[in-house]
Amino acid sequence: MPGRTSTDLISWLRSRGSVPSTLLHFPSTLLSPAGRIYSGRRIPSVELSILKEKHPDHWMKSAAIRALAIDAVAAAKSGHTGMPIGMADVATVLFEKHLKFDASMPDWPDRDRFILSAGHGSMLLYSLLHLTGYEDMTLDQIRNFRQWNSATAGHPEYGHAAGIETTTGPLGQGLANSVGFALAEEVLRARYGRKVVDHRTYAIAGDGCLMEGVSQEAITLAGRQKLGRLTVFWDDNSITIDGHVGLADITDQISRFEASGWHVQEIDGHDPKAIDSAISAAKTSDRPSMIACRTHIALGHAAQDTAKGHGALTDADQNAEAKRNYGWDQEAFTVPAGIKAQWEEIGRRGTEERHAWEQRFAALSERRQAQFRMEQAGGVSGKLSPAIRRLKATLSDTAPKLATRSASERALGVINPIMSETVGGSADLTGSNNTKTPDLGVHTPEFRKGRYIHYGIREHGMAAVMNGMALHGGVKPYGGTFMVFTDYARAAMRLSALMGVAPIYVMTHDSIGLGEDGPTHQPVEHLSMLRATPNMVVIRPADAVETAEAWETALSQSGRPTVLSLTRQGLPTVRTEHRTRNMTAQGAYVLAEAEGRRQAILIATGSEVSVAMDSREMLQAEGIGVRVVSMPSWELFEEQDESYRRRVLPSGPVRVAIEAGVRHGWDRWLLGERGREARSGFIGMSGFGASAPCDVLFEKFGVTAKAAARKVKELLG
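Residues numbered from 1 in each chain as written. Predicted model: local features only at pLDDT ≥ 70, side-chain atom pairs only at ≥ 80, totals over all residues. Heavy atoms only, no water.

1. Quick word on empty space enclosed by the protein
(1) Moving on: One pass over the structure, following the stated rule, counts four cavities of 30 Å³ or more.
(2) Moving on: Considering only enclosed or pocket space, the largest cavity measures out at about 90 Å³ in volume.
(3) Moving on: Partitioned by chemical class, the residues of the lining of the largest cavity number eight nonpolar, one polar and three charged. (1 Å grid on protein atoms, 1.4 Å probe; cavity = no way out; pocket = protein on both sides within 12 Å on 5 of 7 lines; lining within 4 Å. Points joined across faces, edges and corners; volume = space filled by probe spheres on them. Nonpolar A, V, L, I, M, F, W, Y, C, P; charged D, E, K, R; others polar.)

2. Focus on the pairing of strand β3 (residues 230-236)
(1) Moving on: Burial of β3 is extensive: seven of the seven residues sit out of reach of the surface.
(2) Moving on: Direction of pairing for strand β2 (residues 201-206) relative to β3: parallel, over a ladder of six bridges. If you follow A203 over to β3, its bridge partner there is V232.
(3) Moving on: Pairing of β3 with strand β7 (residues 289-294), which is carried by six bridges, proceeds in the parallel orientation. (Buried < 20%, exposed > 50% of the residue type's maximum accessible area, 1.4 Å probe, protein only. Helix = DSSP H or I, 4+ residues; strand = E, 2+ residues; numbered from the N terminus. Pairing = 2+ DSSP bridges.)

3. A word on the layout of surface pockets
(1) Moving on: Space inside the largest pocket adds up to approximately 780 Å³.
(2) Moving on: Along the wall of the largest pocket there are 37 residues; nearest its centre are Y158, Q376, A470, L471 and G473.
(3) Moving on: If you list the elements that add at least two residues to the lining of the largest pocket, you get α15 (351-362), α16 (366-377), α20 (459-472), β11 (476-482) and α23 (544-555).
(4) Moving on: The element best represented in the lining of the largest pocket is α16, accounting for five residues.
(5) Moving on: Broken down by class, the residue content of the lining of the largest pocket amounts to 19 nonpolar, 11 polar and seven charged.

4. Comments concerning the nonpolar core
(1) Moving on: If you look at the biggest cluster of nonpolar residues, it comprises 64 residues, and the most contacted ones within it are V179, W262, M493 and V563.
(2) Moving on: Per element, the largest residue contribution to this core is 10 residues, and it comes from helix α8 (residues 173-192).
(3) Moving on: Residues contacting V179, with those up to four places away along its chain left out, are A218, L221, A222, L227, L230 and V465. (Core = buried A, V, L, I, M, F, W, Y, C linked by side-chain atoms within 4.5 Å. Contact = heavy atoms within 4.5 Å.)

5. Observations concerning unusual backbone geometry
(1) Moving on: A positive phi angle is found at N434, which is not glycine, with a value near 60°.
(2) Moving on: Within the secondary structure, N434 is located in the loop between α19 (430-433) and β10 (452-454).
(3) Moving on: Given the relative accessible area of 10%, N434 is considered buried.
(4) Moving on: Residue R674 is not a glycine yet carries a positive backbone phi of 75°.
(5) Moving on: With respect to the helices and strands, the residue R674 is situated in the loop between α27 (667-670) and β20 (680-683).

6. Re the packing of aromatic side chains
(1) Moving on: Summed over all chains, the structure comprises 19 aromatic pairs.
(2) Moving on: Ring plane angle 70° and centroid distance 6.1 Å describe the contact between Y126 and F145, whose orientation is recorded as edge-to-face. A residue pair is termed long-range when its members are at least 10 positions apart, and Y126 in helix α6 (residues 122-132) and F145 in the loop between α7 (139-143) and α8 qualify at 19 residues. In this pair, the class of Y126 matches that of F145, namely buried.
(3) Moving on: A ring pair is formed by W634 and W666, whose centres lie 5.0 Å apart and whose planes are at 75°; its orientation type is edge-to-face. (Phe/Tyr/Trp six-rings, centres within 6.5 Å; stacked < 30°, edge-to-face > 60°.)

The structure is reproduced here in structure tokens:
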């Protein structure tokens, strides 16, 4: 057991009434240098009869979870039985005595949040939702575990059923999400007061969650921010798929969390009194709490304390024997009426508190109520569009040469004062990402009203935390790093799209245009990767005007994340004629029309739009009519109706796309949409970049106006 000395284990076993003589003197081969057990021994089975006799009411309620988990996994012939069995006692105490919720009103804004980071144990969550009376978690859903079109997916999926606060399964993500939930609660409590916002976040994490690197990013950020309303239960069962945890890890998790600024307790995860006391103690701390729950995976089953217990337990005889051990003699998927009634009473326990909250909320002014509801619904202030239009008019009139990261900062300077729900941040690149405006204030334990978070060098953690904030509701998170570091953040960004939540990823230094930092920092394949992600909007604006429009578009998105791809280098303003309409929201539009007969269409994004405009000027001088199409967002353009797309990309002219990235994906617009392979070309990158000044790189890699003009003439023959 990681984090346990032999003395600790023997003391624990003594407390349970049994210390085998073989454990009184541990062979040195079973101990790490620090004295922790990491291989070779299994903790002996606990006496289930003692547990049942000491806490009979609790035992039968927790047995209902265990039985449903056994039945559902066996019926599906796939899943993970052992974790729900092992953590049933912790979950029962949490839901019965501490979790503030009302099953009849699952979206109550001031409810406590429960997150199952160890998402493979999804039947724990589904059983709890069914037993406590969540309307859409019926017994049929439990029977259809892991089947087509059921709410009970193999891993919990946000939106499939009420009570599933986030999508988990990729280990560590839920733990990091929980930090975002807790941060959002702090921000909103500072804004609205404890009478309106006063709740906690609880998460269950396993050994796998704690091994994933994102966990370190999340727990250290939580410790720094002193998120005292966050409690994480560590399912300390010492088993992974391959076997004992000690095969791969000897980390002292207790010391790790303590070193990160957490309040830490160690308990017997099958003792309801110890669980109750630990949760009560956690609630008194001003630091985030980790409760290490020593548990037996697949408790009472033949597979207890083994790697087999982690997976699907489908042997009918062994499952029947386990149920007998629990004192459960019901048919499959049957919960006695008395036990179900007890659980449903737990589901109603928060009703009175919800009614009291509704009365307090009603005492707010109508304006404050409307603001709160709009923020919770993810709406946008009616002041946003007029403010963006005014900014666009100024930018078109003054035509500044700005890096789009700087243009983004100017847009945020207009947005943040009128949208109090925005919460910004950066992964230690604030001055490079330009994500902080003076009005935000830095969020710290001493200043909870601050709306800017210094995430540190934690790109993955930042993205996962923003997911948690977006899922919590009431805030619109955005965070910045370099575009190339989407590689670090990718797992959480994918989950943003999968869940349909709308954080905004401000990704600067988006091409070889960043210059001297070289190919380690120059993204070439990243736009393609992000565009390939379903339900994700990527916007690469060409100038300050398009950047302002991109922010308006991103903030208006519902049900999907947005990536803003922004430059380090300064770009000329190409939109010098003011248009009130948000052209970026259409995905692509005609920026400059051909003079004379249209023979070619240059399609470009971001910094290469000005390259296309220069190429057009060269070709027009030679009598070749060229249309320039700015295409800031493939996804948004694809959503336009066919007639609009046909007007922008008609058949006939040759087409050349210009982008300082790889070609992958561009054939959708070069060969599709009435295009032809023989009359299309691409100017961009075919490999990695290099270290040199920006202008040199564009010249050496051939991403130039001359190269585009030459390609057009080749295609015209």
